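Reading the structure
Here's the letter readout for the chains.
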Amino acid sequence: RVHDPCMIKSGDRYYVFSTGKGIQIKTSDDRVHWRNAGRVFSDSTLPAWHTSDIPHQDGNLWAPDIQFFHGTYYLYYAVSAWMNFASTIGLVTNTTLDPAAPGYRWVDRGPVIELRLRGGGERGEGPRVEPRLAEDLVELPDHAEGHAVGRIELPTRIADEVGVVAQGEHRAAE
C-alpha cells in the first residue's frame, strides 16, 4: 500500500514513487506484483535545504510526480512538516531509473516553488502543496502546479529550454 503514488514505465519495468521517508520506490514487470526498490533519498543523502527551509522536516516527502524529457527523469515532490505553515516543491533528476545501470544517481536540483503562510492555515492546518508537471506544446517542462492555501512564490523562470529548473529571483502569486 502506498500514498500519493505516481507511476512511469521505463523499458519493460514500471516504477511507482510515493509519499514516505525519502520517497519510496516500488517496481513491477506486470503492474500486479510489486517489489520494494528502495528510496530516492537515504537518511544520509537528504538535501540539507529540506531542514533549513522547513524546520522540523523529518525526511517524509509527499506526493511525488515524475516525467521523462530529453533523456532525463524529473521527479518533483513536496517538502513539508506538520504545523510548520511552510511547504516547498523540490526537484531531483536522474538519467535512469535502473539502480544497476551506469550513471544511476539522483541529483538534487533544489526548491522550485515555495509556499509560506503567515499566521496559520484553515482550521489551524499547515499549507498543502503537491506538484503536478504541466507540458507545453513542444513537450518541455513548463511549470509545476500545486494546490495550496495562502501565498505561493514562484521562481521568475521555472524551466529553461532544456528543462533544467532555474534558481533565481522570485515573484509572488496570490
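Reading guide: rules and limits
Residues numbered from 1 in each chain as written. Predicted model: local features only at pLDDT ≥ 70, side-chain atom pairs only at ≥ 80, totals over all residues. Heavy atoms only, no water. Pairing = 2+ DSSP bridges. Helix = DSSP H or I, 4+ residues; strand = E, 2+ residues; numbered from the N terminus. Axes fitted to C-alpha atoms, helices over the stretch in contact; angles between N-to-C directions. Core = buried A, V, L, I, M, F, W, Y, C linked by side-chain atoms within 4.5 Å. Buried < 20%, exposed > 50% of the residue type's maximum accessible area, 1.4 Å probe, protein only. Phe/Tyr/Trp six-rings, centres within 6.5 Å; stacked < 30°, edge-to-face > 60°. pLDDT = per-residue confidence, 0-100. Contact = heavy atoms within 4.5 Å.

As a further point, take the sheet that holds strand β4 (residues 24-28). Across the sheet, four strands lie side by side as β1-β2-β4-β5; this open sheet has antiparallel pairing. A single partner strand is all that each edge strand has here, and the edge strands are β1 (6-10) and β5 (35-39). Neighbour-to-neighbour, the strand axes of this sheet turn through a mean angle of 25°, independent of strand direction. Bridge count for β1 against strand β2 (residues 13-18) is five bridges, and the pairing is antiparallel. Bridge assignment links Cys6 to a residue of β2, and that residue is Phe17.

We now examine unusual backbone geometry. A negative phi angle characterises most non-glycine residues, just as the trans form characterises most peptide bonds. A positive phi angle, near 70°, is found at Ile23, a position not held by glycine. By the element assignment, Ile23 lies in the loop between β3 (20-21) and β4.

The next thing to look at is the nonpolar core. Counting 20 residues, the largest nonpolar core has Phe17, Val40, Ile66 and Trp106 as its most contacted members. Those elements that place two or more of their residues in this core are β1, β2, β6 (60-69), β7 (72-80) and β8 (86-94). Broken down by element, this core gets its largest block of residues, four residues, from β7. Within the second largest apolar cluster, seven residues are counted, among which are Phe69, Tyr74, Tyr76 and Val112.

In this section: the packing of aromatic side chains. For any two aromatic rings, the description comes down to two numbers: the centre-to-centre distance and the angle of the planes. Counting across every chain of the model gives five aromatic pairs. Ring centres 4.5 Å apart and planes at 45° place the aromatic pair Phe68 and Tyr73 in the tilted group. Under the relative-accessibility criterion, Phe68 is labelled partly exposed at 41%. Here the aromatic rings of Phe69 and Tyr74 are separated by 6.1 Å at their centres, their planes lie at 65°, and the arrangement is edge-to-face. Each member of the pair, Phe69 as well as Tyr74, carries the same accessibility label: buried. Here the aromatic cluster, defined as three or more aromatic residues joined through ring pairs, consists of Phe17, Tyr104 and Trp106.

As a note on interpretation, predicted positions should not be read in detail where pLDDT is low. Put simply, the protein chain has an average pLDDT of 74, and 63% of its residues get 70 or more. Per-residue pLDDT, averaged within each element of the protein chain, yields its smallest value for strand β13 (residues 170-173) (35) and its largest for β4 (97). Contacts for the low-pLDDT stretch residues 120-124, under 50 throughout, to residues beyond four places or in other chains number seven contacts.

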